[in-house]
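# Remarks on the overall topology
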Amino acid sequence: GVEKQLAQDWLQTRKEKRAGSLTPTVVAGLQREAAKAGLTVPQAVQVAAERGWARFVASYLHNEQQGFSGS
């Protein structure tokens, strides 16, 4: 599971960005995107919380890596 403080931080970000409730559909999407990125759900939540993302999308990580590699 996700550490309590980490979950609270991410849920606060979701609230501030008006991303809506953490529904079963949202959780399923988080699980799917974490798997695409090769991460566990707790790791995906940590990345999202650290970066201020209301949701985790695997391609966000890919896009960041692409942006840094060309510099």
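Residues numbered from 1 in each chain as written. Predicted model: local features only at pLDDT ≥ 70, side-chain atom pairs only at ≥ 80, totals over all residues. Heavy atoms only, no water.

Here we take up the overall build of the protein chain. Helix and strand content of the protein chain: four helices and zero strands. Counting from the amino terminus, the protein chain carries its helices and strands in the arrangement α-α-α-α. Against the globule reference of 11 Å for 71 residues, the protein chain gives a C-alpha radius of gyration of 12 Å, in line with a compact fold. C-alpha atoms of the protein chain, sized along the principal axes, occupy 35 × 25 × 20 Å. Within the protein chain, buried positions represent 27% of all 71 residues. For the protein chain, the computed accessible surface area is about 4900 Å², with 50% contributed by carbon and sulfur atoms. Taken as two groups, the 9 positive and 6 negative side-chain charges of the protein chain have centres that lie 8 Å from each other. (Helix = DSSP H or I, 4+ residues; strand = E, 2+ residues; numbered from the N terminus. Rg over C-alpha atoms; globule rule 2.2 N^0.38 Å. Buried < 20%, exposed > 50% of the residue type's maximum accessible area, 1.4 Å probe, protein only. Areas by Shrake-Rupley, 256 points an atom, 1.4 Å probe, with all protein chains shown as cover. Lys, Arg positive; Asp, Glu negative; His and termini not counted. Charge placed at Lys NZ, Arg CZ, Asp CG, Glu CD.)

Examined against the element boundaries, Arg 32 turns out to sit in helix α2 (residues 24-37). Taking the relative accessible area as the measure of exposure, Arg 32 reaches 48% and is therefore partly exposed. In this structure the C-alpha to C-alpha distance between Arg 32 and Glu 50, which are 18 residues apart in sequence, comes to 20 Å.

Taken together, the side chains of Leu 11, Leu 22 and Val 27 present a nonpolar region at the surface, about 210 Å² in accessible area. Mapped onto the secondary structure, Leu 22 falls in the loop between α1 (4-16) and α2. (Patch = residues over 30% accessible without salt bridge, like charges linked within 9 Å, V, L, I, M, F, W, Y side chains within 5 Å. Salt bridge = Lys/Arg side-chain N within 4 Å of Asp/Glu carboxyl O.)

Across all of its chains, the model carries two salt bridges by this definition. Arg 32 is the partner of Glu 33 in a salt bridge, and the nearest nitrogen-oxygen pair spans 3.7 Å. For the salt bridge of Lys 36 with Glu 33, the shortest nitrogen-to-oxygen distance reads 3.0 Å. Of the two residues, Lys 36 and Glu 33 are both situated in helix α2; the distance of three residues between them amounts to about one turn of the helix. Looking at Lys 36, the relative accessible area reads 58%, which means it is exposed. Judged by its relative accessible area of 9%, Glu 33 falls in the buried class.

This brings us to the nonpolar core. Counting residues in hydrophobic clusters, the biggest one holds 12 residues: Leu 6, Trp 10, Leu 30, Ala 34, Ala 44, Val 45, Val 47, Ala 48, Ala 49, Trp 53, Phe 56 and Leu 61. Put simply, the parts of the chain that give this core at least two residues each are α1, α2 and α3 (41-51). What Ala 49 contacts, discounting residues up to four positions off in sequence, is Leu 6, Asp 9 and Trp 10. (Core = buried A, V, L, I, M, F, W, Y, C linked by side-chain atoms within 4.5 Å. Contact = heavy atoms within 4.5 Å.)

Shape is all these values report; function is a separate question.
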